Amino acid sequence: MSDTPVRPGRPTVRKLPQLPQLPQLPSAVRGLAPAPALRLSRPSDTWFKPALSVVVASAVPHLTLLAIGRLDLIVYTMAGSLCALYGHGLPYARRARAVAGVVLGMAAGLAVSLVTASLTGSTAVLVAVGALLAAVQKVLCDATRIGPPGHVIFTFVSSAALFAPQHLGQIPGHLALTLGAGAFAWLVALAPALVRREGPERRAVARALEAAAVCAAARDPRDRSAASPGPRNRDAADPGPRHRDAADPGPRHRNAAAAAVHAAWQCLLASGRPTPVRRSLERLVVHAEEAFVAPGPGPGAGAADPERLRAWAARTRGRGPVPTPPPAPGTADELYGIDAERAVLRAREGRRAARRALLRRLGPGSPLLPVAVRTLIGCALAGYLCAALGVGRPYWAIVTAASLYQANLTLSWNRTLQRTLGNLLGVLVFAAVLPVSRISPLALVCCCLFFGFAAEALITRNYWLGSVAVTPMALLVLEFGGAHPAGELIGDRVLDTVLGAATGFLAATLVTNRRATGRVEQALDATDRARAAAERTVADPAVAPTERDRARRALTASLVELREAGDTAAGEWWQRALPEQRLLAAERAGHRTLAATAPRRGPRAHAPSIGAE
């Protein structure tokens with residue numbers, strides 16, 4: 001036993017040789033874990049709207065064809081009925097144009113498929129046309145930002161029509177069925193406007209208020225539990241509460257609030273003429289915007305009361321009257337600026353600017369083009385491989401491959417897992433329900449309507465859960481043309497799913513999107529310009545308040561675009577190094593500039609109501 005004295009509380013520690021540090025995996029590789037991709041999330045607050053819409057839009061044509069004994073034509077009416085799935089997040093003025101465009105686009109893709117099918121029976125040509133249509137539909141849906149369900153419905157309809165027996169003389173009648181069902185779907189999508197004209201705007205503003213409340217609660221140490229409802233993976237950009245200023249809600253909450261406020265402003269700008277309800281909604285967004293850009297506790301901090309924001313959000317989302325908040329000094333100027341901005345967007349020059357922006361997203365150098373190339377190659381490989389193996393319906397493999405392609409490789413991998421699991425479980429559901437569907441034609445129609453509703457009800461929880469309902473619905477559609485052997489349908493579907501998923505993800509891996517980093521650099525430059533413009537308006541007291549508010553909204557939009565570009569690039573691989581430090585610095589500087597605009601409003605005052613209420 002040693003006689004060497006040892007100081008209490010200071011144990012001796014033997015130093016071990018330092019091991020070499022292992023290289024860190026790229027973020028795109030670290031994001032390929034299967035568990036997060038299959039985890040269920042909370043359902044969307046509007047899941048029932050597309051679910052009910054597609055059931056109503058499908059039930060009338062289905063039952064009409066059942067009454068006249070022509071269920072074999074349901075595939076053409078279904079092409080139009082599925083258009084009712086689109087546009088549910090848009091205000092009704094824009095939804096009318098968007099859904100009309102979807103109906104025309106659906107009819108155009110179907111027409112190309114029907115003409116091709118009537119002119120040739122070559123599988124090689126049909127697969128090539130199907131892959132080309134899938135790529136075009138993918139890039140157009142991404143460029144126009146039509147929203148979910150995106151290009152998958154277009155690809156499903158056009159690919160299925162390619163392998164259906166067709167004659168040139170039948171095409172006009174089949175397209176008329178699609179356009180008629182599409183017109184009815186358009187009416188179904190707009191019907192809620194008769195009951196609740198400002199419903200989409202109210203939901204968008206409620207989301208902005210809720211996001212601002214979370215941001216304000218994270219800034220208030222007494223309400224941290226509301227800001228963090230559960231465990232989460234800490235963002236790499238978030239240094240944690242020990243190293244972050246107590247008044248800083250952190251980049252995760254700031255980015256979410258900025259995106260929600262920006263979406264609310266865009267929804268209100270796209271709505272129709274100003275009404276008393278929309279005026280109140282605009283004032284609520286002003287309060288939400290001030291809450292998330294507020295620099296912290298101090299004068300005017302009452303604007304960031306999370307409980308008040310949550311109460312406003314609940315009342316805005318409900319069916320009662322919209323709450324009328326006390327307007328702050330400068331609110332009248334901001335509302336005047338919103339009217340001016342709305343007028344510019346509706347003017348001829350505003351429409352030209354929107355068309356130029358769309359053409360830039362479609363033009364050379366666009367980051368959407370590599371994704372389109374992925375879709376083209378993946379769908380072609382999947383179709384040709386299935387055809388070589390003797391599968392009678394290679395369009396299923398085309399649709400499976402087309403459904404995988406998301407904004408980056410990580411999201412495409414997640415969708416590959418979700419699609420594969422959902423389809424494999426879905427064929428088991430189909431095997432169980434097939435005897436019930438064959439009881440009578442009415443039972444078959446009811447089964448299809450049920451699975452159409454179930455797909456939209458479940459898909460917001462996770463894509464694989466929705467695919468469990470989509471797969472039996474797609475297989476039951478074949479039964480309208482006549483009964484098929486169950487074993488053959490199930491075997492082909494399983495083979496198409498596996499081959500389509502494997503070849504689709506292989507194409508996503510081989511075709512890299514090296515333009516993703518370039519998009520980040522462009523977004524950084526745009527954010528720097530927007531921040532400089534906003535700082536000039538803050539520094540110059542002679543600048544009109546409308547110009548200052550417009551500059552702040554432009555900076556918010558650039559920060560949202562920057563975060564989206566950064567997240568997309570982080571999920572890609574084999575590209576230039578991502579300027580992470582510059583990105584984080586630009587976001588912090590942008591949010592500081594947004595915060596610098598908040599004190600310009602001064603303390604809150606109970607001013608008279610603005611506008612006709």
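Structure first, text after, so check above.
Now for a quick tour of the structure. (Residues numbered from 1 in each chain as written. Predicted model: local features only at pLDDT ≥ 70, side-chain atom pairs only at ≥ 80, totals over all residues. Heavy atoms only, no water.)

## What about the overall build of the chain?
Piece 1. Each helix and strand counted, the chain has 24 helices and zero strands in total.
Piece 2. Taking all 613 residues of the chain together, 50% fall into the buried category.
Piece 3. Expressed as a percentage of contacts within the chain between residues at least 6 apart in sequence, the contacts between residues at least 24 apart total 82%.
Piece 4. Surface summary for the chain: the accessible area is close to 28,600 Å², and the carbon and sulfur share equals 64%. (Helix = DSSP H or I, 4+ residues; strand = E, 2+ residues; numbered from the N terminus. Buried < 20%, exposed > 50% of the residue type's maximum accessible area, 1.4 Å probe, protein only. Contact = heavy atoms within 4.5 Å. Areas by Shrake-Rupley, 256 points an atom, 1.4 Å probe, with all protein chains shown as cover.)

## Re unusual backbone geometry
Piece 1. Cis rather than trans, the peptide bond between Pro148 and Pro149 has omega equal to 5°.
Piece 2. Phi angles above zero are rare outside glycine, and Arg145 is one such case at about 55°.
Piece 3. Here Arg145 lies in the loop between α6 (123-144) and α7 (152-162).
Piece 4. According to the relative accessible area criterion, Arg145 is exposed, its value standing at 53%.

## Things to note about helix α16 (residues 368-388)
Piece 1. In this model, α16 (21 residues) spans 30 Å end to end at C-alpha, consistent with the 30 Å of a helix rising 1.5 Å per residue.
Piece 2. Buried within α16 we find Leu368, Pro370, Val371, Ala372, Arg374, Thr375, Gly378, Cys379, Ala380, Ala382, Gly383 and Cys386.
Piece 3. Just downstream of α16 lies Gly390, where phi reads positive at about 85°. (Expected span 1.5 Å × (residues − 1).)

## A look at the packing of helix α3 (residues 48-68) against helix α19 (residues 441-458)
Piece 1. α19 packs onto α3 with a crossing angle of 165° between their chain directions and a minimal axis gap of 9 Å. Judged by the angle between their axes, α3 and α19 are roughly antiparallel. The element α3 and its partner α19 pack so that their crossing is right-handed. Two secondary-structure elements touch here, α3 through Pro50, Ala51, Leu52, Val54, Val55, Ser58, Ala59, His62, Leu63 and Leu66 and α19 through Pro441, Leu442, Val445, Leu449, Gly452, Phe453, Glu456 and Ala457. (Axes fitted to C-alpha atoms, helices over the stretch in contact; angles between N-to-C directions. Parallel < 35°, antiparallel > 145°, perpendicular 65-115°, else oblique. Left-handed = near helix turned anticlockwise from the far one by under 90°.)

## Remarks on the environment of Arg361
Piece 1. Mapped onto the secondary structure, Arg361 falls in helix α15 (residues 348-362).
Piece 2. For Arg361, a relative accessible area of 24% translates into the label partly exposed.
Piece 3. Along the primary structure Arg361 and Ala143 are separated by 218 residues, whereas in three dimensions their C-alpha atoms are 5.7 Å apart.
Piece 4. Once you skip the residues sitting within four places of it in the chain, Arg361 turns out to touch Ala143, Arg145, Ser366 and Leu368.

## A word on the nonpolar core
Piece 1. Leu476 and Phe480 are the most contacted members of the largest nonpolar core, which totals 60 residues.
Piece 2. Excluding its chain neighbours within four sequence positions, the residues that come into contact with Leu476 are Phe430, Val433, Leu434, Ser437, Leu444, Cys447, Cys448 and Phe451.
Piece 3. Listed in part, the 24 residues of the second largest apolar core include Val205, Val261, Val285 and Trp312. (Core = buried A, V, L, I, M, F, W, Y, C linked by side-chain atoms within 4.5 Å.)

## Focus: the environment of Ile171
Piece 1. Residue position: Ile171 is located in helix α8 (residues 171-190).
Piece 2. Classification of Ile171 as buried rests on a relative accessible area of 6%.
Piece 3. Taking C-alpha positions, Ile171 is 6.6 Å from Leu114, a pair spaced 57 residues apart along the chain.

## Re the packing of aromatic side chains
Piece 1. Applying the stated criterion to the full structure yields seven aromatic pairs.
Piece 2. By the ring-pair criterion, three or more aromatic residues cluster together here, those being Trp47, Phe48 and Phe453.
Piece 3. The ring of Tyr463 is capped by Arg415, whose NZ or CZ atom sits 3.9 Å from the centre of that ring.
Piece 4. Positioned above the aromatic ring of Trp396 is the side chain of Arg493, whose terminal nitrogen or guanidinium carbon lies 5.0 Å from the ring centre. (Phe/Tyr/Trp six-rings, centres within 6.5 Å; stacked < 30°, edge-to-face > 60°. Lys NZ or Arg CZ within 6 Å of the ring centre and 35° of its normal.)

## Side note on the pattern of salt bridges
Think of it this way: side chains of opposite charge can pair up when their charged atoms draw near.
Piece 1. Counting across every chain of the model gives 16 salt bridges.
Piece 2. Between Glu564 and Arg519 there is a salt bridge, with the nearest N and O atoms lying 3.3 Å from each other. Remark: Arg519 occurs in helix α22 (residues 516-539) and Glu564 occurs in helix α23 (residues 545-570); sequence separation between them is 45 residues.
Piece 3. By relative accessible area, Glu564 is classed as partly exposed at 39%.
Piece 4. For the salt bridge of Arg531 with Asp528, the shortest nitrogen-to-oxygen distance reads 3.8 Å. In this pair, Arg531 and Asp528 are both assigned in helix α22, three residues apart and thus about one turn of the helix distant.
Piece 5. For Asp528, a relative accessible area of 27% corresponds to the partly exposed category.
Piece 6. Put simply, Asp525, Asp528, Arg531, Glu535 and Arg582 are held in one network by salt bridges that share partners. (Salt bridge = Lys/Arg side-chain N within 4 Å of Asp/Glu carboxyl O.)

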